[in-house]
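Examining the three-dimensional arrangement
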Protein chains: 2
Amino acid sequence: MTDTAPRPTLEAVAARAGVSRATVSRVVNGGDGVREPLVERVRRAVEELGYVPNQAARSLVTRRHDAVAVVVAEPETRVFADPFFALQLRGISKELTAHDNQLVLLLTEGRDDHARVGRYLAGGHVDGALVFSLHLDDPLPELIQRAGVPTVFGGRPGWSDGTTDVVYVDSDNRGGAREAVRHLVGLGRTRVAHITGALDQTSAADRLDGYRDVMGDADPELVVRGDFTPAGGERAMRELLDRCPDVDAVFAANDLTASGALRVLRERGRRVPEDVAVIGFDDMLPVAEQTDPLLTTVRQDIEEMGRLMARLLLRDLDRRSGGATPAGVVLPTTLIRRASA
Amino acid sequence: MTDTAPRPTLEAVAARAGVSRATVSRVVNGGDGVREPLVERVRRAVEELGYVPNQAARSLVTRRHDAVAVVVAEPETRVFADPFFALQLRGISKELTAHDNQLVLLLTEGRDDHARVGRYLAGGHVDGALVFSLHLDDPLPELIQRAGVPTVFGGRPGWSDGTTDVVYVDSDNRGGAREAVRHLVGLGRTRVAHITGALDQTSAADRLDGYRDVMGDADPELVVRGDFTPAGGERAMRELLDRCPDVDAVFAANDLTASGALRVLRERGRRVPEDVAVIGFDDMLPVAEQTDPLLTTVRQDIEEMGRLMARLLLRDLDRRSGGATPAGVVLPTTLIRRASA
């Protein structure tokens, strides 16, 4: 347990410096009104004793911890299995570190733990929170609101109408999906299917909307439900081939889903792109460059989304005095053409 | 920023309940000495206003946050790239969650950020810390000691003599290495090389010691430096083949290193295990089962190490009153024989 010798107290510093507790407290908290020779004496005593001020006490005065919580509303196993989160965290980490703020990642085993996360956020341990991968029926947003901690969301929250009091960073999911499906139609494909993401997330719902914008009157059998994972992509592709053996193109809700679909297509002897063209979403390396064939996909800048979330939050913390804050920020996407479509 | 309406204050609760601030404070902090009808009134006011007690204030009374920090002394990019850390975190997360403690992962861009981590640990935001992947010249242990926060280390810290005041969980690195090298010698190999891990970590130093226990008088050219990464394994294997073209066996410091070495051996047309037998360390899935050929390796139970670290810390927090705490806990390893040696 390292050395557990008792921590030097405020009282010990006061005794060493020959001043009152209140004076030590004022010096430690950077307050004014203490004469310079006394400040010097207190500083020396702090140094000599190796006194570390209790920040729980100090934060009652300064109200700033230079720490930001990050909450990914997924079980920790998914946080580490899906490179999407690592990329978003990379952007967040770079931005917070550049401003000497500590990244505090709150991990959970699942939704049952979100009440505990809410308690930690309410506990005055961080200045704000970055929250992503929200699902529709998640109690987290309400817990965050009650905690009263400034928050920026990654991805448009389902309840937001995009105009007020919720700040989020998102990609143009609907526009990107439209571009992907138009590309498939432009290749002359007529049985264009869509494997969705987790439909309790707005990113999945928006991509489905983009598919429907282009394929409005398509056979509803061509839409199968996935969950943004490779295993979900495999399951959905099997179901699709059983239901619609004449499918000639697939727009998958993300690259991981596409990688699962490609495996099943190969297993069933369908050539890509000759028999079935496939497009993903994310352009997540190394996934999109390790598929066989290389994956045509819709690029979104995931790391930049993380960086932007952190930047918006820090800016808000700096000018909490008031004034208008931006609502949603939506980044553009780009279609990356490789071999699969 | 979610709804940033002002948080209800203690004063507002007191006014609503028609009692003093002190009474509200005592009720909220679970203190005694308040008559039941008053307690009831305060509770109702808390409920009606949606008051969330400021835990920074409350923790000054209760001194427990039910939160444990985890610090991996590596840049966040490595934390997410090396599945070793995900496995250890999985064990930690399961154990902390089972005891309703929040896992607080403090991420950094590198060693320059460790002072900030030390400040967060000293700030009274967590009850204890789990720290792993320490390097010899890292200032973190001293910062932790000054923070006075109970800590369990993953891997024996370099300064520990294994007897006092430092609690750690480790695997029998030296014994496991001996078993691996003996297996190679038992196969009749005479030019057995070792690609080390990062030698500023005790796990790497102990495995090198285990190699030397068996190969004491071997050609020193057969020991090349790696860093526990696949890229380091590739570099080292190239150097080794240039220096000792007659090498017929390699004990790699971990599976990732072995996977890099295997790639170079294939590239240079050496057959494994016919020309060069290879053994790794960790038995980390999926790495060890995705190499070609499948990797013979020394298994350590990484997830169990994480679980045990968390268990030791929680037990210590529960009985901080004193009494002997264990020092080092060392888990056994097992040689797993597959195709590569």
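Just above, that's the structure.
Let us look at the structure shown here.

The rules we used
Residues numbered from 1 in each chain as written. Chains lettered and ligands numbered in written order. Predicted model: local features only at pLDDT ≥ 70, side-chain atom pairs only at ≥ 80, totals over all residues. Heavy atoms only, no water. Helix = DSSP H or I, 4+ residues; strand = E, 2+ residues; numbered from the N terminus. Contact = heavy atoms within 4.5 Å. Salt bridge = Lys/Arg side-chain N within 4 Å of Asp/Glu carboxyl O. Buried < 20%, exposed > 50% of the residue type's maximum accessible area, 1.4 Å probe, protein only. 1 Å grid on protein atoms, 1.4 Å probe; cavity = no way out; pocket = protein on both sides within 12 Å on 5 of 7 lines; lining within 4 Å. Points joined across faces, edges and corners; volume = space filled by probe spheres on them. Pairing = 2+ DSSP bridges. Right-handed = clockwise from strand over helix to strand, strands pointing away. Axes fitted to C-alpha atoms, helices over the stretch in contact; angles between N-to-C directions.

**A few points about the environment of Ala73(B)**
Residues and elements named next belong to chain B. Residue placement: Ala73 occurs in the loop between strand 1 (67-72) and helix 5 (76-81). With 33 residues separating them in the primary sequence, Ala73 and Leu106 have C-alpha atoms 9.6 Å apart. For Ala73, the residues in contact, after removing those within four places along its chain, are His114, Phe132, Ser133, Leu134, His135, Asp138 and Leu140.

**Topic: the pattern of salt bridges**
Residues and elements named next belong to chain A. All told, the structure shown has 54 salt bridges over all chains when counted by the stated rule. Arg174 serves as the salt-bridge partner of Asp209, at 3.8 Å between the closest nitrogen and oxygen. Of the two residues, Asp209 is situated in helix 10 (residues 202-215) and Arg174 in helix 9 (residues 173-186); the sequence distance between them amounts to 35 residues. Classification of Arg174 by relative accessible area gives partly exposed; the value is 35%. Here Asp283 makes a salt bridge to Arg338, at a shortest N to O gap of 2.9 Å. Note that Asp283 is positioned in the loop between strand 9 (277-282) and helix 13 (287-290) and Arg338 in the segment after strand 12 (334-336), a separation of 55 residues in sequence. Taken together, the shared-partner salt bridges connect Lys94, Glu303, Glu304 and Arg307 into one network.

**Observations concerning the layout of surface pockets**
Space left empty within the atom packing is revealed by a probe, the size of a water molecule, rolled over the atoms. For the largest pocket, the calculated volume is near 1400 Å³. Residue lining of the largest pocket: 34 residues in total, with Ala81(A), Pro286(A), Ala81(B), Pro83(B) and Pro286(B) positioned closest to the centre. Sorting the residues of the lining of the largest pocket by element identifies helix 5 (76-81), helix 6 (83-98) and helix 13 of chain A together with helix 5, helix 6 (83-98), helix 12 (255-267) and helix 13 (287-290) of chain B as the ones contributing at least two each. With five residues, helix 12 of chain B is the single largest residue contributor to the lining of the largest pocket.

**Looking at the pairing of strand 8 (residues 249-252) of chain B**
Regular strands place their side chains on alternate faces of the sheet. All names here are of chain B. Side chains Ala249 and Phe251 of strand 8 all project onto a buried face; the interleaved residues Val250 and Ala252 project onto the opposite face, where all are buried too. Where strand 8 and strand 9 (residues 277-282) come together, three bridges link them in parallel fashion. What sits directly across from Val250, in strand 9, is Val278. Crossover handedness for the path strand 8 to helix 12 to strand 9: right-handed.

**Brief notes about the sheet that holds strand 9 of chain B**
Residues and elements named next belong to chain B. An order of 7-6-8-9-10-12 is seen for the six strands of this open sheet, with the pairing classed as mixed. The open sheet has two edge strands, strand 7 (223-224) and strand 12 (334-336), and neither has a second partner. In the sheet, strand 9 pairs with strand 10 (residues 296-299) via four bridges, with the strands oriented parallel. The residue of strand 10 that forms the bridge with Asp282 is Arg299. Lying over the sheet, helix 9 (residues 173-186) contacts strand 6 (192-195), strand 8, strand 9, strand 10 and strand 12, oriented at roughly 165° with respect to strand 9. Across the sheet, helix 10 (residues 202-215) lies against strand 6, strand 7, strand 8 and strand 9, angled at about 170° from strand 6, the strand it touches most.

The values reported here are purely geometric and, on their own, carry no functional implication.
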